[in-house]
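A look at the structure
For reference, the chains in residue letters:
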Amino acid sequence: MNQGKKQKLMDAAISLVAQNGLENFSMAKAAAKAGTSERLVYSHFRTKEAFLAACYAQVNAQIASLFTGKKLPDWETADSTMQYIRMLWDLYFSFLVRAGERTLFYFAYRDSDHISKAQKEDYTCFSEVAKAVLQVDSLYGIRKKTDVRCLLTYILDAAGIFAKRIIQGEWKDSEALRNSIWTLFSGGLRELLV
């Protein structure tokens, strides 16, 4: 299978899960949505679990890539620790909203029983975010009593909750809404900063 067909299948799977949930996903539905045969799907992805895992790995890698050094905001342009963290949060939150169905798929799969133990223990995304947060720590200082895992979960998961509401059309994305969401986040973060 060429990369274009493989990506089309993965996009179809992501879309189906985002629209109908994991419980309604099937290889046959993904094949139909991608305009190909179910046999072709099975020739590349041996099982439904392998197919979903490949989709998850792709989205997880996209999120992790947001926090690589060359894509990070320049900390020297920030007037304060909070402004720098806001720039990191904006980068992530904007991706989640833009990614739409990929975001819905990501959280549905990550929080499901379908995810394997190895995937649960794959902290690629968390590792990249941790590096960005630790850069903030080395520059500005985060109270050492703070468990970085808690901080990352707070930032990553709560942003996902708000992004899902926008993606699903429950809320209209606007600068005012983002500022309101940030106000909630920053209130919790202020206690962590030295």
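Calculation rules
Residues numbered from 1 in each chain as written. Predicted model: local features only at pLDDT ≥ 70, side-chain atom pairs only at ≥ 80, totals over all residues. Heavy atoms only, no water. Helix = DSSP H or I, 4+ residues; strand = E, 2+ residues; numbered from the N terminus. Buried < 20%, exposed > 50% of the residue type's maximum accessible area, 1.4 Å probe, protein only. Contact = heavy atoms within 4.5 Å. Salt bridge = Lys/Arg side-chain N within 4 Å of Asp/Glu carboxyl O. pLDDT = per-residue confidence, 0-100. Arc of directions from axis to C-beta. Expected span 1.5 Å × (residues − 1). Phe/Tyr/Trp six-rings, centres within 6.5 Å; stacked < 30°, edge-to-face > 60°. Axes fitted to C-alpha atoms, helices over the stretch in contact; angles between N-to-C directions. Parallel < 35°, antiparallel > 145°, perpendicular 65-115°, else oblique. Left-handed = near helix turned anticlockwise from the far one by under 90°. Nonpolar A, V, L, I, M, F, W, Y, C, P; charged D, E, K, R; others polar.

1. Quick look at the environment of Phe93
- Assignment of secondary structure puts Phe93 in helix H5 (residues 81-99).
- By relative accessible area, Phe93 is classed as buried at 0%.
- In this structure, Phe93 is in contact with Ala159, Phe162, Ala163, Ile166, Arg178 and Ile181, ignoring residues within four places of it in sequence.

2. Re the pattern of salt bridges
- Tallied over the entire structure, the rule returns 6 salt bridges.
- Asp157 serves as the salt-bridge partner of Arg110, at 2.8 Å between the closest nitrogen and oxygen. Within this pair, whereas Arg110 is found in helix H6 (residues 101-110), its partner Asp157 is found in helix H9 (residues 148-167), the two being separated by 47 residues in sequence.
- Classification of Arg110 as buried rests on a relative accessible area of 17%.
- Here Asp173 ties to Arg178 by a salt bridge, and the two come within 2.8 Å at their closest N and O atoms.
- The exposure class assigned to Asp173 is partly exposed, which follows from its relative accessible area of 30%.
- Connected through shared salt-bridge partners, Arg110, Asp111 and Asp157 make up one network.

3. Some details on the confidence of the model for the chain
- Overall, the predicted model of the chain reaches an average pLDDT of 84, with 80% of residues at or above 70.
- Confidence scores differ between elements of the chain, with helix H8 (residues 124-140) showing the lowest mean pLDDT of 58 and helix H2 (residues 27-34) the highest of 96.

4. Comments concerning H2
- Along H2, the residues classified as buried are Met27, Ala30, Ala31 and Ala34. On an axial view of H2, the arc spanned by its buried residues comes to 100°, and they lie on one face.
- Buried positions along H2 lie against helix H1 (3-20), helix H3 (38-44) and helix H4 (48-66).
- In the segment just after H2, Gly35 is the residue with positive phi, at about 75°.

5. Quick look at helix H10 (residues 175-190)
- Here H10 is 16 residues long and its end C-alpha atoms lie 21 Å apart, about the 22 Å a rise of 1.5 Å per residue gives.
- Buried within H10 we find Leu177, Arg178, Ile181, Trp182, Phe185, Ser186 and Leu189. One side of H10 holds all its buried residues, which, seen down the axis, span an arc of 165°. Of the exposed residues in H10, those oriented more than 90 degrees away from the buried face are Ala176, Thr183 and Leu184.

6. Quick word on the environment of Leu189
- In this fold, Leu189 is placed in helix H10.
- Taking the relative accessible area as the measure of exposure, Leu189 reaches 2% and is therefore buried.
- For Leu189 and Tyr154, which are 35 residues apart along the polypeptide, the C-alpha to C-alpha distance reads 9.2 Å.
- Once you skip the residues sitting within four places of it in the chain, Leu189 turns out to touch Met82, Ile85, Leu151, Tyr154, Ile155 and Trp182.

7. Regarding the packing of aromatic side chains
- In the structure shown here, the tally under the stated rule is 12 aromatic pairs.
- Ring pairing ties together the aromatic residues Trp89, Phe93, Phe162, Trp171, Trp182 and Phe185, which thus form one cluster.

8. Observations concerning the packing of H4 against H6
- One way to put it is that H4 packs onto H6 with a least axis distance of 10 Å and a crossing angle of 120°. As judged from the angle between their axes, H4 and H6 are oblique. Of the two possible hands of crossing, H4 and H6 adopt the one that is left-handed. Where H4 abuts H6, its residues Glu49, Leu52, Ala53, Cys55, Tyr56, Gln58, Val59, Asn60, Gln62 and Ile63 lie against Arg102, Phe105, Tyr106, Tyr109 and Arg110.
- Partitioning the contact of H4 with H6 into residue classes produces 9 nonpolar, 3 polar and 3 charged.

9. Structural notes on the environment of Tyr84
- Locating Tyr84 in the fold gives a position in helix H5.
- For Tyr84, a relative accessible area of 0% translates into the label buried.
- When the C-alpha atoms of Tyr84 and Asp74 are compared, they prove to be 8.3 Å apart, with 10 residues separating the residues in sequence.

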